[in-house]
Protein chains: 2
Amino acid sequence: MEHSSIPGYTYGQVSRSPVTLDELDLLKQTVLFSSDDVAALAQAGQVLAPQTDAILDVWYGFVGAHPHLLRYFSLHGQPDGDYLARVRARFGQWILDLCTKPYDQDWLDYQHEIGLRHTSIKKNATDGAAAEPLIHLRYLTAFIVPLTATIKPFLQNGGHAEAQVEAMHAAWFKAVTLTATLWSYPYVKEGQF
Amino acid sequence: MEHSSIPGYTYGQVSRSPVTLDELDLLKQTVLFSSDDVAALAQAGQVLAPQTDAILDVWYGFVGAHPHLLRYFSLHGQPDGDYLARVRARFGQWILDLCTKPYDQDWLDYQHEIGLRHTSIKKNATDGAAAEPLIHLRYLTAFIVPLTATIKPFLQNGGHAEAQVEAMHAAWFKAVTLTATLWSYPYVKEGQF
Ligand code: HEM
Ligand code: HEM
């Protein structure tokens, strides 16, 4: 999957996050994120890279099976196939970015951008879609569970020892929680994030 | 731990949550919460009940070791011992409630109350404390990780088979994410929860 070929993927070209790198560091401490997790995620990235399509099939299947989730890709109850497909390509890239990108200023900035794209400030704009204008925050937080639970079998497919799979899974859980946390920023009242 | 003996514990006596039971049901679906999880949590409650003090030692140790967390129990950098102790008793009760209470209207209402108690609307009021007026939402969400990761060894202490421990742990993860999600309500901009 090549960056430049993904429509709307603007990593490294977005506005600065209101969250500082020092605040990110405290958040990392809070989710127990260490250098071991960086290494485990790098390994997870290698295991998951050839499987991104199969992973996205599971996640899109989950969304598609639940009207209260599919509505966010829909207008008046009609799912927008183009929108679903374009977002899917960026979602695939996100799996790799989460595992392999350094969590630096560019990464932090793009987390803020992704958060905004879930809110009325930027939703639909990237793809010229006309779907629901906002994804409710409760589902972003709740998604930590399905995105963490469903990744385990894919991590197991890499042929690594059980302890190593556990380490990759724990690191993935921390990384997903970290990003879901950062994405909540634009939803939260002034000064309360 | 008896309810009536816990200062400030007002389960069943609080205002109605703005979240409906139908919305709770959709959230449960989103975190993959099923009747199997209810059963696994009931079993977890039995395993954890005699260990609540040891669990709270771990959690309070984690908070105490991080100035960016301990500040929420502090005024001008000075931790409030009374406040810490009173909240600790309710936190212990919460472990049992999460595992054993039905997730009905009373439960939903108390989740909203706990959320409020983390915000400037109600923080400190229950205990007449004078600590920081608000816990930032980012740490509530981030806490899903330490509260989930640290419970595993305590679940293992019950002498159950590994698969059963995994089931209890998965159910706990879902329940903690569900509550952290509900608690975010008062932090979120109108209409975006
Ligand atoms: C932790 C939870 C979630 C993760 C990790 C996630 C991941 C992503 C990613 C990586 C993108 C593309 C970002 C980009 O433009 O580069 C995206 C966009 C999107 N996601 Fe999510 N998402 C989450 C929650 C949800 C939920 C609950 C829904 C509702 C079904 C949802 C629906 C969408 C939609 C509609 C877009 C397109 C937004 C736009 O118009 O630009 N997401 N998500
Ligand atoms: C998912 C994350 C969290 C859980 C499960 C949790 C759990 C609880 C519970 C059960 C209570 C007592 C509720 C009652 O009054 O009956 C409470 C209160 C409190 N928690 Fe949390 N908490 C979380 C996040 C945090 C964080 C990140 C902090 C910051 C260190 C924190 C600090 C406090 C404080 C200071 C109180 C007392 C609030 C008051 O003045 O009434 N909590 N928490």
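- If you check an unreviewed UniProt entry, chain A appears there as Protogloblin ApPgb from Hymenobacter telluris.

1. Some details on the overall build of chain A
Next, step 1: Along the backbone of chain A there are ten helices and two strands.
Next, step 2: When the helices and strands of chain A are read in sequence order from the N terminus, they spell out α-α-α-α-β-β-α-α-α-α-α-α.
Next, step 3: Its C-alpha atoms give chain A a radius of gyration of 16 Å, within 12% of the compact-globule value 16 Å for 193 residues.
Next, step 4: Its C-alpha atoms give chain A principal-axis dimensions of about 45 × 40 × 30 Å.

2. Re the coordination of the iron atom of ligand 2
Next, step 1: Among protein residues, the single donor to the iron atom of ligand 2 is H118(B) (NE2), with a metal-donor distance of 2.2 Å.
Next, step 2: Positionally, H118(B) belongs in the loop between α6 (105-117) and α7 (137-142).

3. Considering the site of ligand 1
Residue and element names in this part refer to chain A.
Next, step 1: The full set close to ligand 1 counts 20 residues, and Y83, R90, Y110, R117 and H118 are the nearest of them.
Next, step 2: Between ligand 1 and R117 there is a distance of 2.5 Å, counted from an oxygen atom to a side-chain nitrogen or oxygen.
Next, step 3: A total of five residues in the shell around ligand 1 trace back to one element, the largest contributor, which is helix α5 (residues 81-100).
Next, step 4: For the shell around ligand 1, the class distribution of residues is 15 nonpolar, two polar and three charged.

4. A few points about the relation of the copies chain A and chain B
Next, step 1: After a rotation of 180 degrees and a shift along the axis of 0.0 Å, chain A superposes on chain B with an RMSD of 0.0 Å. What we have between these two chains is a two-fold relation. When each C-alpha of chain A is compared by its distance to the rotation axis, V188(A) comes out closest, at 2.2 Å.
Next, step 2: Interface overlap between copies is the fraction of interface residues in one copy that are interface residues in the other; for chain A against chain B it reaches 100%, indicating a shared surface.

5. Concerning the interface of chain A and chain B
Next, step 1: Contacts between the two partners involve 37 residues from chain A, matched on the other side by 37 residues from chain B.
Next, step 2: Buried surface at the junction of chain A and chain B, both sides included, amounts to about 3400 Å², of which 67% is carbon and sulfur.
Next, step 3: Remark: the boundary between chain A and chain B carries one salt bridge.
Next, step 4: Ionic pairing is found between R138(B) and E23(A), a salt bridge with its closest N-O pair at 4.0 Å.
Next, step 5: On inspection of chain A and its partner chain B, the count reaches 14 residue pairs in polar contact (both at pLDDT 80 or more).
Next, step 6: Elements that contribute at least two residues to the side of chain A that touches chain B include exactly α1 (21-30), α4 (67-70), α7 (137-142), α8 (144-149) and α10 (162-183) of chain A.

6. Re helix α2 (residues 35-48) of chain B
Residues and elements named next belong to chain B.
Next, step 1: Relative to the 20 Å expected for 14 residues at 1.5 Å per residue, α2 spans 20 Å between its end C-alpha atoms, a close match to the ideal helical length.
Next, step 2: Turning to α2, the residues buried within the fold contact α3 (52-64), α5 (81-100), α9 (152-156) and α10 (162-183).
Next, step 3: For α2, the side-chain oxygen to backbone nitrogen distance between the N-cap and D36 is 3.2 Å, and the N-cap itself is S34.

7. Details of the nonpolar core
Next, step 1: Counting 129 residues, the largest nonpolar core has W94(A), W172(A), W94(B) and W172(B) as its most contacted members.
Next, step 2: Excluding residues that lie within four positions of it along the chain, W172(A) makes contacts with L41(A), L48(A), W59(A), W94(A), I95(A), L98(A), C99(A), L147(A), T148(A) and I151(A).

8. Structural notes on the packing of helix α2 (residues 35-48) of chain A against α10(A)
All names here are of chain A.
Next, step 1: Two elements in contact, α2 and α10, have axes whose closest approach is 8 Å; the angle formed by their N-to-C orientations is 100 degrees. The orientation of α2 relative to α10 falls into the category roughly perpendicular. For the pair α2 and α10, contact is made by D37, A40, L41, Q43, A44, V47 and L48 and by Q164, A167, M168, A171, W172, K174 and A175, respectively.
Next, step 2: The residue inventory of the contact of α2 with α10, partitioned by class, reads ten nonpolar, two polar and two charged.

9. Section: the pattern of salt bridges
Two side chains that carry opposite charge are able to pair once their charged atoms sit near each other.
Next, step 1: Enumeration over the complete set of coordinates arrives at 21 salt bridges over all chains.
Next, step 2: Residue D127(A) is joined to R86(A) by a salt bridge in which the shortest nitrogen-to-oxygen separation is 2.7 Å. On the criterion of sequence distance, the pair formed by D127(A) in the loop between α6 (105-117) and α7 and R86(A) in helix α5 is long-range, its members being 41 residues apart.
Next, step 3: The partner of D127(B) in a salt bridge is R90(B), with the nearest N and O atoms 2.9 Å apart. Taken together, the residues D127(B) in the loop between α6 and α7 and R90(B) in helix α5 connect sequence positions 37 residues apart.

10. What about unusual backbone geometry?
Next, step 1: One non-glycine residue with positive phi stands out, namely H76(A), at about 45 degrees.
Next, step 2: By the secondary structure assignment, H76(A) is in the loop between β1 (74-75) and β2 (78-79).
Next, step 3: Taking relative accessible area as the criterion, H76(A) reaches 78% and is therefore assigned exposed.
Next, step 4: Positive phi outside glycine occurs at L32(B), with the angle close to 60 degrees.
Next, step 5: Its place among the elements puts L32(B) in the loop between α1 (21-30) and α2.

Reading the values: rules and limits
Residues numbered from 1 in each chain as written. Chains lettered and ligands numbered in written order. Predicted model: local features only at pLDDT ≥ 70, side-chain atom pairs only at ≥ 80, totals over all residues. Heavy atoms only, no water. Helix = DSSP H or I, 4+ residues; strand = E, 2+ residues; numbered from the N terminus. Rg over C-alpha atoms; globule rule 2.2 N^0.38 Å. Donors = N, O, S within 2.8 Å, 3.2 Å for Na, K, Ca; no water. Near = heavy atom within 4 Å. Polar contact = N/O pair within 3.5 Å; in protein donor to acceptor, adjacent residues only side chain to side chain. Nonpolar A, V, L, I, M, F, W, Y, C, P; charged D, E, K, R; others polar. Least-squares fit on C-alpha atoms with pLDDT ≥ 70 in both. Contact = heavy atoms within 4.5 Å. Buried area = accessible area lost by both parts, 1.4 Å probe. Salt bridge = Lys/Arg side-chain N within 4 Å of Asp/Glu carboxyl O. Expected span 1.5 Å × (residues − 1). Core = buried A, V, L, I, M, F, W, Y, C linked by side-chain atoms within 4.5 Å. Buried < 20%, exposed > 50% of the residue type's maximum accessible area, 1.4 Å probe, protein only. Axes fitted to C-alpha atoms, helices over the stretch in contact; angles between N-to-C directions. Parallel < 35°, antiparallel > 145°, perpendicular 65-115°, else oblique.

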